[in-house]
Amino acid sequence: RTRRPASLARSFVEGYCAKASALLALEGKSMDLRVVGVQIGESDAATLANASQVQARMTALIAWLRAELHGRGFTTVAQDEIGFVLGLIKDDGTYPYAPMVNAAYVNIAAVDDFVETSPVAGLAVGGRFPDPADPNFDPFHYTADAQMINGANFAAKIQSLINDQ
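All of these numbers come straight from a predicted model, not from anything done at the bench. (Residues numbered from 1 in each chain as written. Predicted model: local features only at pLDDT ≥ 70, side-chain atom pairs only at ≥ 80, totals over all residues. Heavy atoms only, no water.)

A. Structural context of the nonpolar core. In terms of nonpolar packing, the biggest core is built from 29 residues, with Met58, Ile62, Leu69, Phe84, Leu86, Val101 and Tyr105 touching the most fellow members. Only α1 (7–26), β1 (35–38), α3 (54–71), β2 (83–87) and α4 (98–111) provide two or more residues apiece to this core. The element best represented in this core is α3, accounting for six residues. Among all residues touching Ile62, those that are not within four sequence positions of it are Phe84, Leu86, Ile108 and Val115. (Core = buried A, V, L, I, M, F, W, Y, C linked by side-chain atoms within 4.5 Å. Buried < 20%, exposed > 50% of the residue type's maximum accessible area, 1.4 Å probe, protein only. Helix = DSSP H or I, 4+ residues; strand = E, 2+ residues; numbered from the N terminus. Contact = heavy atoms within 4.5 Å.)

Below, the structure is given as structure tokens:
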């Protein structure tokens, strides 16, 4: 049985990428998507059943996305050189199987030269209310400053992959 890709991935390819490509074509340009950043996995880290399938599912998703992006002409690099940055998830006890999810991402990067992981260790959580004493404290989302650091970490990994292409 062939699994269908996640609806978010399909929406990314069939919606965002297709629209961006069409808009670029109006300007006489073509799309050259070379690296995809992925920051997901928290919900998978909530149960052993889901966490144990992350490596296989993410590997299949990367393969599907590479085939779709290359096949639709959204990139100029070879299909197997389309890069991916997988954002690790915080491992502070909030998500019981976070270490499994992170290990899956690290394992994928270890066997694929065009996959990198981006660390999140030490990034502050709290959302808009970083003080844990504040009743609005959000233990699941990073603060604005932490989001900026996370983005800079992703950018560095993306640039590294582009340099390798």
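B. Structural detail: the packing of α1 against α3. Interhelical geometry of α1 versus α3 gives an angle of 20° and a closest axis separation of 10 Å. One way to sum up the angle between α1 and α3 is to call them roughly parallel. Seen along the crossing, α1 lies across α3 with a hand that is right-handed. Contacts from Ala9, Arg10, Phe12, Val13 and Cys17 of α1 reach α3 at Leu61, Trp64, Leu65, Glu68 and Leu69. When its residues are assigned to classes, the contact of α1 with α3 shows eight nonpolar, no polar and two charged. (Axes fitted to C-alpha atoms, helices over the stretch in contact; angles between N-to-C directions. Parallel < 35°, antiparallel > 145°, perpendicular 65-115°, else oblique. Left-handed = near helix turned anticlockwise from the far one by under 90°. Nonpolar A, V, L, I, M, F, W, Y, C, P; charged D, E, K, R; others polar.)

C. Quick look at the pattern of salt bridges. In the structure shown here, the tally under the stated rule is six salt bridges. One salt bridge in this structure joins Glu14 and Arg72, with 3.8 Å as the shortest N-O distance. With Glu14 in helix α1 and Arg72 in the loop between α3 and β2, this pair connects stretches of sequence that are 58 residues apart. Between Arg72 and Glu68 there is a salt bridge whose closest N-O contact spans 2.7 Å. Overall, Arg72 belongs to the partly exposed group, its relative accessible area being 39%. One network of salt bridges, with partners in common, ties together Arg10, Glu14, Glu68 and Arg72. (Salt bridge = Lys/Arg side-chain N within 4 Å of Asp/Glu carboxyl O.)

D. Quick peek at the sheet that holds β1. The sheet built from three strands is open, its strands ordered β1-β2-β3 with parallel pairing. Strands at the two margins of the open sheet, each flanked by one partner only, are β1 and β3 (115–118). Neighbouring strand axes in the sheet, compared pairwise and without regard to direction, differ in orientation by 20° on average. Pairing geometry for β1 and β2, over four bridges, is parallel. If you follow Val38 over to β2, its bridge partner there is Leu86. Contacting β1, β2 and β3, helix α5 (residues 144–164) runs over the sheet at an angle of about 160° to β3. (Pairing = 2+ DSSP bridges.)

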